Structures are given as structure tokens and as C-alpha cells.
Amino acid sequence: MIHLIKKIAFLVVCGISTVLMAQGNQTYWQQHVDYTMDVNMDVETYQYTGSQKLVYTNNSPDVLNRVYYHLYFNAFQPGSDMDIRLQTIKDGDKRMLTEDGKSRISTLTPEEIGYLHAISLTQDGAPVKFTEEGTILVVDLATPIPPNSKTVLEMEFKGQVPLQIRRSGRNSKEGVALSMSQWYPKLSEYDFEGWHPNPYIAREFHGVWGNFDVKLTLDKNYTVGASGYLQNPNEIGHGYQDAGTKVKTKGKTLTWHFKAPMVHDFMWAADPEYVHDVLKMENGPTLHFLYKNDPKLTKNWKDLQPKTAETMRFLSANVGQYPYNQYSVIQGGDGGMEYAMGTLITGDRSFGSLVGVTVHEMAHSWFQHVLATNESKHSWMDEGFTSFISSLCMNQIMDQNKENPFEGSYKGYYALVNSGKEQPQTTHADRYDLNFAYGIAAYSKGSIFLSQLGYVIGQDKLMETLKKYFEDFKFKHPTPNDIKRTAEKVSGMELDWYLTDWTQTTNTIDYAINEVVADGNKTKVILERKGLMPMPLDILVVDGNGNQETYYIPLRMMRGEKDNPYPNLKRTVKEDWSWAKPTYELIIDKPLNQVLGISIDPSQLMADIDRNNNNWQADQ
Ligand SMILES: [Zn+2]
């Protein structure tokens, strides 16, 4: 009997561990969508109706009893989550506020609000129950979707385009009629963490990879720019037709047919006054530029075109080949926002600002629209990485020649630390107390994640890491651990400490030169780690003859060393420094009277929050 019980217990234990191991070793999966949509837009009332056929493939190991859709336009109604948040956050987005600081959403009339409602919904032909909860549609399925199977969801929907408040809408400040992003019933993503039905409060998105087939019918005088390739250019014209084709149209409307393969969103914009320029890149995609026919815009928008091509080449060379044949820069929206195969940007800007916003949004084609991180949870991975590569790109294509192109990011980060308002980067994008804290954490601190990683593993290894990250995770949903593991594989170093301290805490870096004293015919430097976050140290020593050399103190838990970042200078690799020890004795191979200056991290890529204690100078 005892034997038997023991045997059963043993079997149970084995059974559990087998299940756990199977989960731990599970290979990556992601859901898949195929959308076919047919939409009619009334350009007088800004109301539209549509039908959507969605073939949903459940590649997860789970049975799904529910699905969720995003109905983003419902955010633009008085009393919505977005409205209330705008009324309660201390530093509300100015674009969304009236001159006296009121939420613009709260002032919208019934004709100006946005809405998106499902009228009917079936699953494989059978009606299903659905409930609208603000910006989320909750659908209880009639038939659960088993793993590795498809289901067909068919919806009739109607919408009204809100007055432009944020990202999308009608009649933007610059007079663009329709900026159509976050406009259709969009299935929420289900991934290894479960569902992500985030209400639309302020920002950041996460979508399902798939294919879009979209037909848009609207007034034939409107020119449309969109994600996706136009299927019927010679019926449409508007600058899309083949050279020499005469386009004849009948009736008052045109039906534009677009297909966008392997994307996770679909945007479009339309205006009766768009100029449409096309630039076919040699061995590259075709670039489309759509902007208002306004003499004060023309020169900048023409000059922007070769810069956009240069940006495309820079990003393809430094991160990975742009995988689509088209990219559209479209005047619309309220600033700059990235979408699949294109962007909506405001157009009335200085040339530098116009190039800057285009570079940033185009860089998102890599860091979001190909490497599709869950932005809500890891905004630093799309905004930060985009900011990083944009800084490098701007430095090159605009001949900025900045020694540290990331300087602005460091300044922003130090300002956030000093404000005492910092929250860790693991904070959900909507859950920061202040927009300021979100902005710096996502853009600046996210950019520093990479520029500082370059300091830790070496610049060549950093750029190699980005390329490998792109190759390994394109068309997927990479996570923070994926960029860390990629950097580990490329550098041979252990980097868990870097990911955890930088992104999951508000620990800061502060190293100091405490004391410099004679040590026989050598010099002893007492270094102190004052901040909680550890780092390896590059130390520059200058002697009385102006000779420079460096000392490198690896961090013990990195279990590795980077290549000499200053190949023209002699480098001495010292014994590594373990985190727990607050001080370190660095012996310099020179008598004290020959040492002129000592400096921690001459590159200033290490985000040391107090640089005043990083330098020592001999009394003259
Ligand atoms: Zn961005």
C-alpha cells in the first residue's frame, strides 16, 4: 500500500513536471488575421458604414471562448475614459485642451463626436452575443475556437469620424479632411500573456499580424493615401495610375481597393486638395507624398522627398531591409504617428522639423511595424529604439556632426530623475502619473537603453545586435528579454542586470572619484559606486605631456569584456568590480605628479546622474 501511494505520488509529480517543462519549452506562436473590409464614407456627414469579414486563426495552444475588438473612435465622446483622464491628469496634452485648459472631448457636440458601433456580428454564420464597453467590444463566442483552427467573424459596423482631437479625425488644424487611423473594429491581440483589450485612454497599441483587403468608397474628388498597395490604380488615377494612362471615372464616387500584406494595422487619409508626388527609389520602395496644395508647404515637401529616400536607405542598411514596396508620408493627424507602410504627420513645419518627424515616424516602420512590440507594456522598445536610430540618422542625413547625437535624451532623463517623478519603464503607457514621466521614460530613457548598451558591449556589437534582433524577430512580437538575449548572444556577456535595473526599476547610476593619492611611484584612485545600478567603467587618464590612456574596469556580473572603444589609445584592463563592493582601488602606472587629469566615461554614454564627481584634475 505504501509502495503504491509512493508510486502514485511519484507519477503525479512526474506528470506535473512534464506539463511544466512542456510549457517552458513551448515554441513561439502568434495569432493571425485576414481582414476583408468594404467601407462607404459620406464626406458631408463624416459618417461611414462598413462590412468586415475577419478570418481569425488561433495558433495558440488555448481554447478561446471570447474575443475582444477595439472600437477606438468611442474614446472621442464626452465622459469617455479618454475625456476623464484628460480632465484629471496634471499635464494634459495641449492638443487635446481648449485655450482655457478644458478637455476638448468634453466640448464635442453629437455631430462632432466619434463613434464606432457593431450592428451585427456572426461567427461562422451564426449570430454571437456582443457587448460594447466604451472602446472595447466584448464578444462571447457561440462556438469556442480550438487551438490551431480558424473561425470567420463577420460584422456590419457604422462609425462617425470625430473632430480631430488626437491622432485621427476630421478637419485637422491644418485642414486635412480625413485622418483615418484607429478607425475600424480591430481585433485585440491574444499572445503568450493572454488578451490585451486595453481601453483607449491615451496611447500605445498592440495588434494582430495579418493581411488587409480594404475597399473604400467615397467622393471621387478626394485623393486617398493608405497602408497597402492600390489594386486598381488605372481606375482611380489621382497620381497612382501608370504613366500615360487616361483615367475615366463615372458617377460621384470612387472605390479604392487596397491590399496590405503582413501588417498589424491599416491607416488611410483623404482630402480633396492633396498634392500627390511619387518617388520610385532605385532598388527600393516607392515613396508617396500627400500634402495640401498650399504654396507655403510646397518647397519643404519637395525637399523632404530625397531626404525620405536617404532615411529609407540609412535604416535599411543599419537595421534591416525594409520589407514592403511602398511607404507613404501623408499630411494629417496632429503631430506625427506611425502606421503600417506610412505615417500621418502635420505638414506646416520648418524643414528641419519636417525631416525630423518623418525620420522618426519612418524609423517606427522597423521598431513597431516590423518588430511589433506590445507598446502599451514596453513603450521604451518602440519609442526609445526609434529615437535612438533617428538620432543617428538625423546626424548623418542632416550633417549635424554631433559628437554625442543622443545628448538630448540624456538631458531629458536627468531632468526626469531630478524631478522625482520617475516611474519604471515597466509601467503601462497609460498608468504614468504624468505625461512628462511617460514621455521621458519611453523616448529618452528608451533611447539611452541602446546608446548605453553600446557603452557596455561596444558600438560595433550594439549595431550587430540591432541587425540580429531585426532578423530574428521581424513580423513577430519581441519582448524586452528578446533584445537582451540578442545582445548577450552577440557580445558573449551576461546582461540580465542591465535589463532589470534599467527597465524594471528607477535605480540610478552614479560613480565617483573619491580620492587620488600617491602610491609609491604609482597613483591610487579610490572609486565609489554611489548609485544602486552597476556599470563597467572606462577611465581616461591624461598625463603632463598630454598623453592619454584608458583603464577598463569590467563589471564582474557581465562575465566578459568589450573591445577597446578607443583603439588609438593604450588600454589597460583591470580586475573586474563586483557590485556589492561600494569602492574600488584603481592603480595607475604613473607617479601622482605626472597625472594631470582623470575622468570616468569620457564618452558620456553612461547615464551617470552626477557627472560633477566623475573628474579629477591635478592642482596646477
Ligand atoms: Zn514615436
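Provided above is the structure to which this section pertains.
These notes cover the structure that comes with them. Since the model is a prediction, treat every value here as computed from it, not as a measurement.

As for the overall build of the protein
Then, number 1: Assigned secondary structure in the protein consists of 11 helices and 31 strands.
Then, number 2: Relative to the 2.2 N^0.38 estimate, which gives 25 Å for 620 residues, the radius of gyration of the protein is 28 Å and therefore close to what a compact globule would have.
Then, number 3: Summarising its shape, the C-alpha atoms of the protein cover approximately 95 × 90 × 50 Å along the three principal directions.
Then, number 4: Counting the 620 residues in the protein, one finds 55% classified as buried.
Then, number 5: Restricting to contacts in the protein with at least 6 residues of sequence separation, those with at least 24 account for 69%.

Some thoughts on the nonpolar core
Nonpolar side chains tend to gather and get buried jointly when the protein is soluble and globular.
Then, number 1: Of all hydrophobic cores here, the largest spans 171 residues; its most connected members are L178, W183, W268 and L527.
Then, number 2: The element best represented in this core is helix α6 (residues 379-397), accounting for eight residues.
Then, number 3: Excluding residues that lie within four positions of it along the chain, L178 makes contacts with M41, V43, Y46, V161, G169, L218, W268, A269 and A270.
Then, number 4: Core analysis: the second largest hydrophobic core is formed by nine residues, L416, L434, A441 and A442 among them.

Remarks on the environment of D430
Then, number 1: Turning to its location among the elements, D430 is positioned in the loop between α7 (407-419) and α8 (435-457).
Then, number 2: Its relative accessible area of 6% is what places D430 among the buried residues.
Then, number 3: In the structure, D430 is positioned 199 residues away from Q231 in sequence and 38 Å away in space, judged by C-alpha atoms.
Then, number 4: Once residues within four sequence positions are removed from consideration, D430 is found in contact with R85, P199, I201, A202 and R203.

Topic: the side chain of S80
Then, number 1: Inspection of the secondary structure puts S80 in the loop between β3 (64-70) and α2 (81-88).
Then, number 2: The class for S80 is buried, based on a relative accessible area of 10%.
Then, number 3: If we skip the residues at most four places from it in the chain, S80 touches N74, A75 and I105.

A look at a nonpolar patch on the surface
Then, number 1: A cluster of nonpolar side chains, namely L532, M557 and W579, defines an oily patch on the protein surface of about 260 Å² accessible area.
Then, number 2: Topologically, L532 is positioned in the loop between β25 (522-529) and β26 (537-543).

Quick word on the coordination of the zinc ion
Then, number 1: Protein-derived coordination of the zinc ion comes from H360 (NE2), H364 (NE2) and E383 (OE), at a distance range of 1.9 to 2.1 Å.
Then, number 2: Donor residues for the zinc ion sit on one chain with the sequence pattern H-x3-H-x18-E. Placement of the pair is H364 in the loop between α5 (351-363) and α6 and E383 in helix α6, with a sequence separation of 19 residues. Taken as a pair, H364 and E383 share a single burial class, namely buried.

Let's talk about the sheet that holds strand β5 (residues 126-127)
Then, number 1: Sheet architecture is open: eight strands sit in the order β5-β4-β8-β2-β1-β14-β17-β16, paired in mixed fashion. Among the strands making up the open sheet, the edge pair consists of β5 and β16 (229-230).
Then, number 2: For β16 and strand β17 (residues 253-263), the ladder comprises two bridges, and the chain directions are antiparallel. Residue pairing across strands places L230 opposite F258, the latter belonging to β17.

Comments concerning the side chain of D501
Then, number 1: Note that D501 resides in helix α11 (residues 496-504).
Then, number 2: Buried charge without a partner: D501 forms no salt bridge, and the closest opposite charge is R529, 7.9 Å away.
Then, number 3: Of the polar contacts made by the side chain of D501, one reaches the side chain of N507; its length is 3.1 Å.
Then, number 4: The residues contacting D501, other than those within four sequence positions of it, are N507, L532, M533 and P534.

Describing the pairing of β3
Then, number 1: The element β3 is extensively covered by neighbouring structure, given that five of its seven residues are classed as buried.
Then, number 2: Summarising the sheet, β3 and strand β7 (residues 136-145) pair through six bridges and their orientation is antiparallel. Residue pairing across strands places Y68 opposite V138, the latter belonging to β7.
Then, number 3: Sheet analysis places β3 next to strand β11 (residues 186-187), joined by two bridges and oriented antiparallel. Bridge pairing in β11 places H70 opposite K186.

Rules behind the numbers
Residues numbered from 1 in each chain as written. Predicted model: local features only at pLDDT ≥ 70, side-chain atom pairs only at ≥ 80, totals over all residues. Heavy atoms only, no water. Helix = DSSP H or I, 4+ residues; strand = E, 2+ residues; numbered from the N terminus. Rg over C-alpha atoms; globule rule 2.2 N^0.38 Å. Buried < 20%, exposed > 50% of the residue type's maximum accessible area, 1.4 Å probe, protein only. Contact = heavy atoms within 4.5 Å. Core = buried A, V, L, I, M, F, W, Y, C linked by side-chain atoms within 4.5 Å. Patch = residues over 30% accessible without salt bridge, like charges linked within 9 Å, V, L, I, M, F, W, Y side chains within 5 Å. Areas by Shrake-Rupley, 256 points an atom, 1.4 Å probe, with all protein chains shown as cover. Salt bridge = Lys/Arg side-chain N within 4 Å of Asp/Glu carboxyl O. Donors = N, O, S within 2.8 Å, 3.2 Å for Na, K, Ca; no water. Pairing = 2+ DSSP bridges. Lys, Arg positive; Asp, Glu negative; His and termini not counted. Polar contact = N/O pair within 3.5 Å; in protein donor to acceptor, adjacent residues only side chain to side chain.

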